[in-house]
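# Residue-level structure breakdown
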2 protein chains.
Amino acid sequence: MELKQELSKYRDLVDKELDQYLTKEECPEQILNEAMEYSLMAGGKRIRPVLMIKVYQIFKGEIEKVMPFACAIEMIHNFSLIHDDLPGIDNDDFRHGKLTNHKRYNEATAILAGDGLLNLAYETMTKELLNSNDIENQNNKIKAINEITTATQRMIAGEYVDTEYEGKAISSDYLEYMHKNKTGALFRASARVGAMLANAKEEDLEKITKFAETIGLTFQIKDDLLSAIGDEKVLGKPVGNDEEKGKSTYVTKYGLEKAQKMLEKLTKEAVEIAETYEEKGEFLKELAIYIKIRNK
Amino acid sequence: MELKQELSKYRDLVDKELDQYLTKEECPEQILNEAMEYSLMAGGKRIRPVLMIKVYQIFKGEIEKVMPFACAIEMIHNFSLIHDDLPGIDNDDFRHGKLTNHKRYNEATAILAGDGLLNLAYETMTKELLNSNDIENQNNKIKAINEITTATQRMIAGEYVDTEYEGKAISSDYLEYMHKNKTGALFRASARVGAMLANAKEEDLEKITKFAETIGLTFQIKDDLLSAIGDEKVLGKPVGNDEEKGKSTYVTKYGLEKAQKMLEKLTKEAVEIAETYEEKGEFLKELAIYIKIRNK
């Protein structure tokens, strides 16, 4: 299996579906709608929605029913990026090689575009409940929305902890708590919602949860390793200064060798879970390996 | 009927219920939770949730089932206040006579507290769907959430139009569009959700919608009048600077006298609708009058 081709195929599917939820017509708030589109369609990797879809496909065939939820999780991810980039939080000027929302538009528009994307996610999921004619799946959909609201609250909490402790010494418990919430929660919810909507058995839901939690963690450890010893040219940002900046990362906390060992061990665990689904788990296996070996 | 006593009684009910949705325990994001509580419990009038509850009571008795939705609409209202007050939007220092959220905490916390309240509203409503044991009302609840997501998107659009046209000349069509969305949408949704959850007939839903649209408008006109000629001490914020700030309001647009006349005429229309429900409409009638005569 060519992971990159598969990722790209599903990314295109998500992009096409996302586009349908955006308002294009002329109206007094047209620029707000454009700002929402600007960030949502800025070329993200769509890892969360693709993870949701591919988990769904382990248990069920056609993906039509998972798509509104896959789009919703991507809208929520993008809402959080817009707000994180704001001058009041990370004050970043560029994202995906393009100007951040508040730099391209202005701060007021960026705040409201973020709000609009979060709310659009819920509008998208609620309309799916309202217009659905498969009543037997209604309860799984309600569970899925609940999973997403809870994960989003955790993500917001994680972002808060990140801003609060920036530049301060942080315990390994706090480091883990921050990442588990800020990045991990949405990864976890993506995978779980895929399983829930496909009506997976409790035992499978647990395995999928463990898989998602594990790759959420390896994703972060790899990020920290790249930030310490990656290739500046490939990454497009300075490397090796986390220690002097007082940043708490898995590398500054545990050292290079131990962080690398953690990454190997956890990736192996994720791969083992994926392998229990044989061919159906192929994509998840490749994804876990890709997260470990990527160079950016 | 003593409207103030009745309002105060239901406001207390809403306050008590809202408090139950807030997270109080010690945790790394404790200050974020405090910031959410700070604004949510800052002494708002709770007009939206009380409107929802009282409309519900026209058609049904016990109010237990409407409470989570009443709380959700108040959370959404407060999310919008926190974000509107931010330096990037209105840059206000005081609200309800207290420091605004970003002044009391900081900008990052205020952005995330607003996000947190919007998301908490959806968490609250979704949990109500999930834990509900009255399946026959499930569809009304889904319709209610849909009503609220749509209204919230309209509110965000209205706020955008408000910021976009600040300091610019604005047509009366745009002024109306802005208010219909910014303030009107949530008032309208509050009343409609009350009627929907009580399973009101289509004819009643239409009457209630008209009532809510009308008091949404009178509420805004009265706000603009207070902002022009109210008592600073009673209002807890500066008065009389809309003109110099280039704000488009019913007063800067139509002048004091005409705005006052519009307020009178629309209030009469709202009262007439409320009167068709005889004693059961008593509260709505008093509310319409109160909106007109209030001094804060």
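Residues numbered from 1 in each chain as written. Chains lettered and ligands numbered in written order. Predicted model: local features only at pLDDT ≥ 70, side-chain atom pairs only at ≥ 80, totals over all residues. Heavy atoms only, no water.

### Description of unusual backbone geometry
Phi is positive for N199(A), close to 60°, though the residue is something other than glycine. If you trace the backbone, N199(A) turns up in the loop between α8 (172–197) and α9 (202–229). (Helix = DSSP H or I, 4+ residues; strand = E, 2+ residues; numbered from the N terminus.)

### What to know about the pattern of salt bridges
Here the structure, examined in full by the defined rule, presents 39 salt bridges over all chains. Residue E269(A) pairs with K265(A) through a salt bridge whose shortest N-O separation is 3.1 Å. One end of the pair, E269(A), and the other, K265(A), are both in helix α12 (residues 256–275), 4 residues apart, so they sit about a helical turn from each other. With relative accessibility at 27%, the residue E269(A) sits in the partly exposed group. Overall, K265(A) belongs to the exposed group, its relative accessible area being 54%. Residue R46(B) is joined to E74(B) by a salt bridge in which the shortest nitrogen-to-oxygen separation is 2.8 Å. (Salt bridge = Lys/Arg side-chain N within 4 Å of Asp/Glu carboxyl O. Buried < 20%, exposed > 50% of the residue type's maximum accessible area, 1.4 Å probe, protein only.)

### Some details on the interface of chain A and chain B
With 47 residues of chain A at the interface, the matching set in chain B holds 47 residues. Between chain A and chain B the total buried area reaches about 4,100 Å² when both faces are included, carbon and sulfur atoms providing 66% of it. Among the residues of chain A in contact with chain B, P28(A), N119(A) and Y160(A) are the three that bury the most area, contributing 16% of the side total. There are 2 salt bridges connecting chain A and chain B. Here chain A is connected to chain B by 18 residue pairs in polar contact (both at pLDDT 80 or more). (Contact = heavy atoms within 4.5 Å. Buried area = accessible area lost by both parts, 1.4 Å probe. Polar contact = N/O pair within 3.5 Å; in protein donor to acceptor, adjacent residues only side chain to side chain.)

### Topic: helix α3 (residues 47–59) of chain B
All names here are of chain B. Relative to the 18 Å expected for 13 residues at 1.5 Å per residue, α3 spans 19 Å between its end C-alpha atoms, a close match to the ideal helical length. Counting buried positions along α3 yields 11 of 13 residues, so the element is predominantly enclosed. Among all positions in α3, only I47, R48, P49, V50, L51, M52, I53, K54, V55, Y56 and I58 are buried. The inward-facing, buried residues of α3 abut α1 (3–21), α4 (67–85), α8 (172–197), α9 (202–229) and α12 (282–293). (Expected span 1.5 Å × (residues − 1).)

### Focus: the relation of the copies chain A and chain B
When chain A is fitted to chain B, the best match, at an RMSD of 1.2 Å, comes from turning it 179° and sliding it 0.4 Å along the axis. As the rotation angle and translation indicate, the two copies are arranged about a two-fold axis. Comparing interface residues between copies, 100% of those in chain A also sit at the interface in chain B, which points to an isologous, same-surface contact. (Least-squares fit on C-alpha atoms with pLDDT ≥ 70 in both.)

### Quick look at the packing of helix α7 (residues 138–164) of chain A against α8(A)
All names here are of chain A. Packing of α7 against α8 brings their axes to within 7 Å, and their N-to-C directions diverge by 170°. Regarding the angle of α7 to α8, the classification is roughly antiparallel. For the contact of α7 with α8, the per-class residue count stands at 13 nonpolar, 4 polar and 9 charged. (Axes fitted to C-alpha atoms, helices over the stretch in contact; angles between N-to-C directions. Parallel < 35°, antiparallel > 145°, perpendicular 65-115°, else oblique. Nonpolar A, V, L, I, M, F, W, Y, C, P; charged D, E, K, R; others polar.)

### Side note on the confidence of the model for chain A
For chain A, the average pLDDT comes to 93, and 99% of its residues sit at 70 or higher. This prediction of the complex comes with two scores: 0.94 for pTM and 0.94 for ipTM. (pLDDT = per-residue confidence, 0-100.)

### Points about helix α2 (residues 30–40) of chain B
Taken residue by residue, α2(B) has L32(B), N33(B), A35(B), M36(B), Y38(B), S39(B) and L40(B) as its buried positions. On its buried face, α2(B) is in contact with α7 of chain A together with α1, α4, β2 (98–99), α5 (101–104) and α6 (107–131) of chain B.

### Some remarks on the side chain of D90(B)
Topologically, D90(B) is positioned in the loop between α4 and β1 (94–95). The class of D90(B) is buried, set by a relative accessible area of 16%.

### Digging into the packing of α8(B) against helix α11 (residues 250–275) of chain B
When two helices pack together, their arrangement is captured by the angle between the axes and the distance separating the axes. Residue and element names in this part refer to chain B. Remark: α8 packs on α11, axes separated minimally by 11 Å, with the N-to-C direction vectors making an angle of 105°. With respect to α11, the axis of α8 lies roughly perpendicular. Residue-level inspection shows S172, L175, E176 and H179 of α8 in contact with α11, the latter providing Y250, K253 and Y254. Taken together, the residues of the contact of α8 with α11 break down into 3 nonpolar, 2 polar and 2 charged.

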